[in-house]
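An overview of the molecular structure
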Amino acid sequence: MDDLSSGPAGGSRARWAWVAGAAVVVVAAGAIVAFTRSQKPQAFLPASARACGQRAAAVAVGQVVPMACAVESLPGGAATTLGQVAGRAGAGVPLVVNFWASWCGACIQEMPDLQKVYAATGGKVQFLGLDLLGVDGETRTGAQSFSNQRAVTYPLAYDDDGLLYSRISPRVLPPTTIFLRADGTLAGINVGQISAPDLRQDIQRYLGVSVPA
C-alpha cells in the first residue's frame, strides 16, 4: 500500500493538520484568558457599603472625593477609609492616591519613584496606593506578589472593581495619580507614568508642599 503521507498530497494534509492543531491551541488559550478575566475576586464589602459614591459619577477637579470611601487594606482583611489613611500622618495632611495594577508595566516602572518621593515628604503628605482588584483580571495573589517585589512603605489597599477609580477616570488607564487636599478636594490628576521630579512638582503645584529632591 502506498504511503500517502510521503507524497505531495500527504504533505499538504500534514500541513493542514498542523495549522488546524495550532488554531485549536490559540482558541483554547484565548478562552482560558477570557474565563480568567471574567472571574471577579470576592468583594470584602458590597459597593453600596463602601461610601465611595455612585460608579462613574465623575469627580471633577475642585470637587470633593468622599474621604469616607472604604478600601480593603492590602494584603487584605481590614477595612479603612481614605480619611483614616490620610490621618495617619496627622490632621490636615493632604493625600496622594496612586491607582495601579500588577499587569500594568508603567506601574512597575514608576513605583520606585513614588516611594522615593514619599520618603522625602517628611510626613507632610501621605500616600496611598490603590490596586484595581478585579479589573482586567487583577487578583489578590497578583497584587500581593507585585507589592512584595516593590517593597514600598506607604499604605497599599484594594479599590475593589475600581469603584473609586471609575469616579476619577472614565477609562481604565493606570497608572493614575490624584492629589487630594486635606479636606478631600481633588486638586489635580496625572494620567500615566510619573517620574520623581514631576511628582515633586505636582505636589508643590497642587498641594502647596515643597518636597526636597
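Given the structure is predicted, the values throughout are model-derived calculations rather than measurements.

1. A short note on the state of the cysteines
Applying the stated criterion across every chain yields a total of two disulfides. The partner cysteine of Cys-104 in its disulfide is Cys-107, sulfur to sulfur 2.3 Å. Negative torsions about the S-S bond denote left-handed disulfides, and the value of about 85° found for Cys-104 with Cys-107 makes this one right-handed. Numbered in order of appearance, the disulfide-bonded cysteines of the chain are paired 1-2, 3-4.

2. Focus on the pattern of salt bridges
Under the definition given, this model contains four salt bridges. In this structure, Asp-159 and Arg-50 form a salt bridge, with 2.9 Å as the shortest nitrogen-oxygen distance. Of this pair, Asp-159 sits in the loop between strand 5 (156-158) and helix 5 (165-168) while Arg-50 is found in the loop between helix 1 (8-38) and strand 1 (70-73), placing the two residues 109 residues apart along the sequence. Of the two residues examined, Asp-159 and Arg-50, each falls in the buried class. A salt bridge links Asp-202 to Arg-205; the nearest nitrogen and oxygen atoms lie 3.9 Å apart. Of this pair, Asp-202 and Arg-205 both sit in helix 6 (residues 196-207), three residues apart, which is roughly one turn of that helix.

3. A closer look at the environment of Ala-120
By secondary structure assignment, the location of Ala-120 is in helix 3 (residues 105-120). Each C-alpha atom, one on Ala-120 and one on Ser-210, is 9.9 Å from the other, the two residues being 90 residues apart in sequence. Not counting the four nearest positions on each side in its chain, Ala-120 is found in contact with Val-211 and Pro-212.

4. Some words on the sheet that holds strand 2 (residues 79-81)
The mixed open sheet is built from seven strands, whose spatial order is 2-1-5-4-3-6-7. Looking at the sheet topology across the chains shown, the edges are occupied by strand 2 and strand 7 (186-191). The mean angle between the axes of side-by-side strands here comes to 35°, regardless of whether they run parallel or antiparallel. In terms of strand pairing, strand 3 (residues 95-100) meets strand 6 (residues 176-180) through five bridges, oriented antiparallel. From the neighbouring strand, Phe-99 faces strand 6, where its bridge partner is Thr-176.

5. So, the side chain of Glu-72
Mapped onto the secondary structure, Glu-72 falls in strand 1. At a separation of 2.9 Å, a polar atom in the side chain of Glu-72 contacts the side chain of Arg-140. Sequence-distant contacts of Glu-72, defined by excluding residues within four places in its chain, comprise Phe-44, Gly-77, Ala-78, Arg-140, Ala-157 and Tyr-158.

6. Some points on the packing of helix 3 against helix 6
The contact between helix 3 and helix 6 brings their axes to 9 Å, and the two run at 45°. Between helix 3 and helix 6, the interaxial angle falls into the category oblique. As for how helix 3 packs across helix 6, the hand of that crossing is right-handed. Across the interface between the two elements, Asp-113, Leu-114, Lys-116 and Val-117 of helix 3 pack against Ala-196, Leu-199, Arg-200 and Ile-203 of helix 6. Taken together, the residues of the contact of helix 3 with helix 6 break down into five nonpolar, no polar and three charged.

7. Brief notes about helix 3
Residue Met-111 marks the point of greatest curvature in helix 3, where the axis turns by about 35°; the proline Pro-112 follows within four residues. Listing the buried residues of helix 3 in full gives Cys-107, Glu-110, Met-111, Leu-114, Gln-115, Val-117 and Tyr-118. Just past helix 3, the residue Gly-122 takes up positive phi, approximately 65°.

8. A look at the packing of aromatic side chains
In total, this model carries six aromatic pairs according to the counting rule given. Ring centres 5.4 Å apart and planes at 55° place the aromatic pair Tyr-118 and Phe-127 in the tilted group. For Tyr-118, a relative accessible area of 19% corresponds to the buried category. By relative accessible area, Phe-127 is classed as buried at 1%. Arranged with centres 5.5 Å apart and planes meeting at 70°, the rings of Tyr-118 and Tyr-154 form a pair that is edge-to-face. Within this pair, whereas Tyr-118 is found in helix 3, its partner Tyr-154 is found in the loop between helix 4 (140-150) and strand 5, the two being separated by 36 residues in sequence.

The rules behind each value
Residues numbered from 1 in each chain as written. Predicted model: local features only at pLDDT ≥ 70, side-chain atom pairs only at ≥ 80, totals over all residues. Heavy atoms only, no water. Disulfide = S-S within 2.5 Å. Salt bridge = Lys/Arg side-chain N within 4 Å of Asp/Glu carboxyl O. Helix = DSSP H or I, 4+ residues; strand = E, 2+ residues; numbered from the N terminus. Buried < 20%, exposed > 50% of the residue type's maximum accessible area, 1.4 Å probe, protein only. Contact = heavy atoms within 4.5 Å. Pairing = 2+ DSSP bridges. Axes fitted to C-alpha atoms, helices over the stretch in contact; angles between N-to-C directions. Polar contact = N/O pair within 3.5 Å; in protein donor to acceptor, adjacent residues only side chain to side chain. Parallel < 35°, antiparallel > 145°, perpendicular 65-115°, else oblique. Left-handed = near helix turned anticlockwise from the far one by under 90°. Nonpolar A, V, L, I, M, F, W, Y, C, P; charged D, E, K, R; others polar. Bend = angle between axes of the 7 residues up to and from the residue. Phe/Tyr/Trp six-rings, centres within 6.5 Å; stacked < 30°, edge-to-face > 60°.

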